[in-house]
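Given next are the chains, with one letter for each unit.
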Amino acid sequence: MNEFALIDRYFRRSPRGDSVRIGVGDDAAVIRPAPGTELVISVDMLVEGWHFLRDADPHRLGHKTLAVNLSDLAAMGATPRYALLAGALPNSEEAWLGEFAAGFFAIADRYGVELIGGDTTKGPRNLCVTIIGEVPQGTALTRGGAKPGDDIYVSGLLGDAALALEAMQQRTRLAPDALEVARTRLETPEPRVALGERLRDIASAALDISDGLTGDLAHILETSHVGAIIELASIPRSSALDGKLAGSTERDLALRCLLAGGDDYELCFTANRALRDRIVDISRSLDLPLTRIGEITAAQEFIVRDEHGTPLPALPRAFDHFAS
């Protein structure tokens, strides 16, 4: 298949609403934002061998390619609307493309996302999505509003995605059922879109955890000019990771996964302590754990206290796209 046949077969669909006037197939898309909204736009790239393994399941990869971008919108409190997909592919293998497209459109349909354009070329596998969402004017969440005394929360569980990668690369061992759970967290993360929308008038600051808790939370602290104290014992994690954290031989590995492993795609947010009951209500209504793990401080330092209340002497290094 050439480029245009590939697009026509796997990625062209008729627009489902009237907000897309021109979609896939022209030089550019034309969309109509909803009245009274602002556009929220983000772009993310996944590179084979760096962000995903060469033998990654294409259906799951299609899911993840869009999910990581939806997570960025969730962190801003935005409702997903449109996406553009660009990809460099080593070949036009139809079986691979069919599975990838099926995974991509399955999550796109769940979140009401229209694919409105993109690009393809031949090269090492590299997948890039530009995502566009909407928020009511003036309501977008940012990293810059955290205040001393605010609570710090995370959604879901942290560390399993990194733990799965450690096990898949034979740096640790997991029971088969624990490995499958962790691998699902790595390969098919669930973006917290509904949570982000509910946090618009609650969170003082927010972001998604893509590069590890300590590295990402540090962005909130820097932008808001504040510090934080985090309680290690409060950070939610799976029993598999908790077991390794409680031991002596793999504690360092477990700390890296929990604090700096990345690929969690959960939300980390801050909120005034007077809003605790509202956050409990949101957690119940979404059936999603929202765990208070610490508080924002005026002193501009980042402290993680261990199970005995002693500050960790050093924090694990978060994921760095340019680290060797």
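As a reminder, the structure under discussion sits directly above these lines.
In this text, all values refer to a predicted model and were calculated from it rather than measured experimentally.

K.L.:
Would you mind showing me how to read the overall build of the protein here?
P.N.:
Across its full length, the protein holds 10 helices and 12 strands. The C-alpha radius of gyration of the protein comes to 20 Å, within 12% of the 20 Å expected for a compact globule of 324 residues. Relative to its 324 residues, the protein shows a buried fraction of 49%. For the protein, the share of sequence-separated contacts (at least 6 apart) that also reach a separation of at least 24 residues comes to 84%. In the form shown here, the protein has an accessible surface area of approximately 15,100 Å², with 51% of it arising from carbon and sulfur atoms. Taking the average place of the 33 positive charges on the side chains of the protein and the average place of its 47 negative ones, the gap between the two points comes to 1 Å.

K.L.:
Please clarify how unusual backbone geometry should be interpreted in this entry.
P.N.:
Negative phi characterises most residues that are not glycine, and trans characterises most peptide bonds. For Tyr-265, which is not a glycine, the phi torsion comes out positive at approximately 55°. Exposure remark for Tyr-265: the relative accessible area of 8% places this residue in the buried category. In this structure, Asp-287 is a non-glycine residue whose phi angle is positive, near 55°. Examined against the element boundaries, Asp-287 turns out to sit in the loop between helix 10 (276-286) and strand 11 (290-297).

K.L.:
Please clarify how the sheet that holds strand 8 (residues 203-209) should be interpreted in this entry.
P.N.:
To summarise the sheet geometry, strands pair through backbone hydrogen bonds and adopt either a parallel or an antiparallel arrangement. The sheet built from 6 strands is open, its strands ordered 8-10-7-11-9-12 with mixed pairing. Every interior strand has two partners, whereas the edge strands, strand 8 and strand 12 (302-305), have only one. Neighbouring strand axes in the sheet, compared pairwise and without regard to direction, differ in orientation by 25° on average. Pairing of strand 7 (residues 151-155) with strand 11 involves 5 bridges; the strand directions are antiparallel. If you follow Asp-151 over to strand 11, its bridge partner there is Glu-295. Helix-sheet contacts for helix 7 (residues 213-224) involve strand 7, strand 8, strand 9 (227-231), strand 10 (266-271), strand 11 and strand 12, and the interaxial angle to strand 8 is about 150°.

K.L.:
Sorry if this is basic, but what is going on with the packing of helix 8 (residues 239-246) against helix 9 (residues 251-260) here?
P.N.:
What describes two packed helices is the angle between their axes and the distance between those same axes. It is the contact of helix 8 with helix 9, at a shortest axis distance of 7 Å, that shows an interaxial angle of 135°. One finds that helix 8 runs oblique with respect to helix 9. In this structure, the crossing between helix 8 and helix 9 has a hand that is left-handed. On the side of helix 8, the interface is formed by Leu-241, Lys-244 and Leu-245, while helix 9 contributes Arg-251, Leu-253, Ala-254, Leu-255, Cys-257 and Leu-258.

K.L.:
Sorry, what's going on with the sheet that holds strand 3 (residues 37-47) here?
P.N.:
Pairing is mixed across the open sheet formed by 4 strands, whose spatial order is 3-6-4-5. Where the open sheet ends on each side, the last strands, each with one partner, are strand 3 and strand 5 (114-122). Across the sheet, the mean angle from the axis of one strand to that of its neighbour is 15°, orientation sign disregarded. Pairing analysis gives 9 bridges linking strand 4 (residues 79-89) to strand 6 (residues 126-136), with the strands arranged antiparallel.

K.L.:
Just to check I follow, could you spell out the pattern of salt bridges for this structure?
P.N.:
Close approach of charged atoms allows side chains with opposite charge to pair. Applying the stated criterion across every chain yields a total of 17 salt bridges. A salt bridge links Arg-54 to Glu-48; its shortest N-O distance comes to 3.1 Å. According to the relative accessible area criterion, Glu-48 is buried, its value standing at 17%. Between Arg-237 and Asp-242 there is a salt bridge, and its shortest N-O distance comes to 3.0 Å. Shared partners join several salt bridges into a network, and the residues in it are Arg-60, Glu-180, Arg-183 and Glu-187.

K.L.:
Honestly, the pairing of strand 4 in this entry has me stumped. Any pointers?
P.N.:
Looking down a regular strand, the side chains alternate between one sheet face and the other. Where strand 4 meets strand 5, 8 bridges bridge the pair, whose relative direction is parallel. Counted as the bridge partner of Leu-89 is Lys-122 from strand 5. Following the chain from strand 4 across helix 3 (residues 94-110) to the adjacent parallel strand 5, one finds a crossover that is right-handed.

K.L.:
Can you help me understand the nonpolar core in this one?
P.N.:
General note: in soluble globular proteins, nonpolar side chains tend to be found buried as a group. Of all hydrophobic cores here, the largest spans 49 residues; its most connected members are Leu-66, Leu-70, Ile-131, Leu-199 and Phe-269. In terms of nonpolar packing, the next biggest core, distinct from the first, is built from 37 residues, Leu-163, Leu-207, Leu-245 and Ala-254 among them.

Criteria and cut-off values
Residues numbered from 1 in each chain as written. Predicted model: local features only at pLDDT ≥ 70, side-chain atom pairs only at ≥ 80, totals over all residues. Heavy atoms only, no water. Helix = DSSP H or I, 4+ residues; strand = E, 2+ residues; numbered from the N terminus. Rg over C-alpha atoms; globule rule 2.2 N^0.38 Å. Buried < 20%, exposed > 50% of the residue type's maximum accessible area, 1.4 Å probe, protein only. Contact = heavy atoms within 4.5 Å. Areas by Shrake-Rupley, 256 points an atom, 1.4 Å probe, with all protein chains shown as cover. Lys, Arg positive; Asp, Glu negative; His and termini not counted. Charge placed at Lys NZ, Arg CZ, Asp CG, Glu CD. Pairing = 2+ DSSP bridges. Axes fitted to C-alpha atoms, helices over the stretch in contact; angles between N-to-C directions. Parallel < 35°, antiparallel > 145°, perpendicular 65-115°, else oblique. Left-handed = near helix turned anticlockwise from the far one by under 90°. Salt bridge = Lys/Arg side-chain N within 4 Å of Asp/Glu carboxyl O. Right-handed = clockwise from strand over helix to strand, strands pointing away. Core = buried A, V, L, I, M, F, W, Y, C linked by side-chain atoms within 4.5 Å.

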